[in-house]
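# Close look at the chain arrangement
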Amino acid sequence: MRRTDKELLVKGIKSLGYTVIAMFLGPFLIYEAFKNQGHPFYYPVLILGIICAILAIYLGFRSVGIVMDAVFGKKQKN
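The structure contained in this document is the topic of the report that follows. (Residues numbered from 1 in each chain as written. Predicted model: local features only at pLDDT ≥ 70, side-chain atom pairs only at ≥ 80, totals over all residues. Heavy atoms only, no water.)

### Describing the overall build of the chain
Regarding its fold elements, the chain presents 2 helices and 0 strands. Here the chain has a C-alpha radius of gyration of 17 Å; the compact-globule value for 78 residues is 12 Å, and the former is much larger. Each principal axis of the C-alpha atoms in the chain carries an extent, and together these give about 60 × 25 × 10 Å. Across the chain, contacts joining residues at least 24 apart in sequence account for 71% of those joining residues at least 6 apart. Of the roughly 6400 Å² that the chain leaves accessible, carbon and sulfur atoms contribute 70%. Averaging the locations of the 10 positively and 4 negatively charged side chains of the chain gives two centres separated by 5 Å. (Helix = DSSP H or I, 4+ residues; strand = E, 2+ residues; numbered from the N terminus. Rg over C-alpha atoms; globule rule 2.2 N^0.38 Å. Contact = heavy atoms within 4.5 Å. Areas by Shrake-Rupley, 256 points an atom, 1.4 Å probe, with all protein chains shown as cover. Lys, Arg positive; Asp, Glu negative; His and termini not counted. Charge placed at Lys NZ, Arg CZ, Asp CG, Glu CD.)

This is the structure:
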């Protein structure tokens, strides 16, 4: 029976923490940008919010993959 790789699991959980931060920061920045459309920083804040939202999606898939590898082991190619 295979044991859980604890170092990889900790890395995955840290990555999940960053994912949660990006999940809240992205929509918050997008909301704030649309709330202040007349402000000169409208486009930079909107772009930053969209980047955070895309980053949250990427980090979510990556984090789940890392945790799955830690618990079940790497997939072996035949």
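### Here we look at helix H1 (residues 6-35)
Helical periodicity: at 3.6 residues per turn, an α-helix aligns residues three or four positions apart in one direction. For H1, with 30 residues, the first-to-last C-alpha span of 44 Å sits near the 44 Å given by 1.5 Å per residue. Of all the residues in H1, the buried ones are Leu8, Gly12, Ser15, Thr19, Ala22, Gly26, Leu29 and Ala33. (Expected span 1.5 Å × (residues − 1). Buried < 20%, exposed > 50% of the residue type's maximum accessible area, 1.4 Å probe, protein only.)

### Observations concerning the pattern of salt bridges
Across all of its chains, the model carries 1 salt bridge by this definition. Among the ionic pairs, Lys35 bridges to Glu32, the shortest N-O distance being 3.5 Å. With a gap of 3 residues between them, Lys35 and Glu32 both fall in helix H1, about one helical turn apart. (Salt bridge = Lys/Arg side-chain N within 4 Å of Asp/Glu carboxyl O.)

### A few points about the environment of Ser15
Among the secondary structure elements, Ser15 is positioned in helix H1. Judged by its relative accessible area of 5%, Ser15 falls in the buried class. With residues near it in sequence (within four places) discarded, Ser15 still touches Leu59, Arg62 and Ser63.

### Some points on the packing of H1 against helix H2 (residues 42-72)
Following both chains from N to C, one finds H1 and H2 inclined at 160°, their axes separated by 7 Å at the closest point. When the interaxial angle is binned, H1 and H2 end up roughly antiparallel. The interaxial crossing formed by H1 with H2 has left-handed handedness. A class-by-class count of the residues in the contact of H1 with H2 yields 25 nonpolar, 7 polar and 3 charged. (Axes fitted to C-alpha atoms, helices over the stretch in contact; angles between N-to-C directions. Parallel < 35°, antiparallel > 145°, perpendicular 65-115°, else oblique. Left-handed = near helix turned anticlockwise from the far one by under 90°. Nonpolar A, V, L, I, M, F, W, Y, C, P; charged D, E, K, R; others polar.)

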